[in-house]
Amino acid sequence: MSDEGPPWRELTSDEYGPRNFPDSKGGAAWVASSECLRGLLQRQHDGEFRLRLILRESADFRNFPGRDPNWKGDYDWGPDLALCCAEIWIERKNGRRKRVDTMSTRPMPW
């Protein structure tokens, strides 16, 4: 079975995250980040590519007690538009990756 369809394009928060945009006024970085994501998602919708969001433990993992590196909800992905990518993956510090579903329930452990 072949993987038909547009090619995959990996996306990390380094490309669209609010921290990448200057925030001269409150919320300007969030708006700029959202616009960047909207552009990428429109290109996905137009069939140019399929987006694969990579949540990285080394860069996007939130810092609080009881966090779970296997649970996408414990990562900072920026604007919620990011979750509209075709796939979402978690990349652990050791480089291993696992696809996570888009359900709101916690996935099975690695």
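Keep in mind it's a predicted model, so treat the numbers as computed, not measured.

Draft legend 1. A look at helix 2 (residues 28–45). Between its first and last C-alpha atoms helix 2 spans 25 Å; for 18 residues at 1.5 Å apiece the expected length is 26 Å, and the two agree. By the burial criterion, the buried members of helix 2 are Ala-29, Ser-33, Ser-34, Leu-37, Leu-40, Leu-41 and Gln-44. Seen end-on, helix 2 carries its buried residues on one side only, within an arc spanning 130°. Facing away from the buried side of helix 2 by more than 90 degrees, the exposed set consists of Val-31 and His-45. Buried residues along helix 2 sit against strand 1 (8–11), helix 1 (13–16) and strand 2 (50–56). Within two residues after helix 2, Gly-47 carries a phi angle of roughly 90°, on the positive side.

Draft legend 2. Representation of the pairing of strand 4 (residues 97–100). One ladder, built from 4 bridges, connects strand 3 (residues 87–91) with strand 4; its direction is antiparallel. Looking across to strand 4, one finds that Glu-91 is bridged to Arg-97. In textbook terms, the turn of a hairpin is the stretch between consecutive antiparallel strands, and for strand 3 and strand 4 this stretch comprises 5 residues, one of which, Gly-95, has a positive phi near 95°.

Reading the values: rules and limits
- Residues numbered from 1 in each chain as written.
- Predicted model: local features only at pLDDT ≥ 70, side-chain atom pairs only at ≥ 80, totals over all residues.
- Heavy atoms only, no water.
- Helix = DSSP H or I, 4+ residues; strand = E, 2+ residues; numbered from the N terminus.
- Expected span 1.5 Å × (residues − 1).
- Buried < 20%, exposed > 50% of the residue type's maximum accessible area, 1.4 Å probe, protein only.
- Arc of directions from axis to C-beta.
- Contact = heavy atoms within 4.5 Å.
- Pairing = 2+ DSSP bridges.

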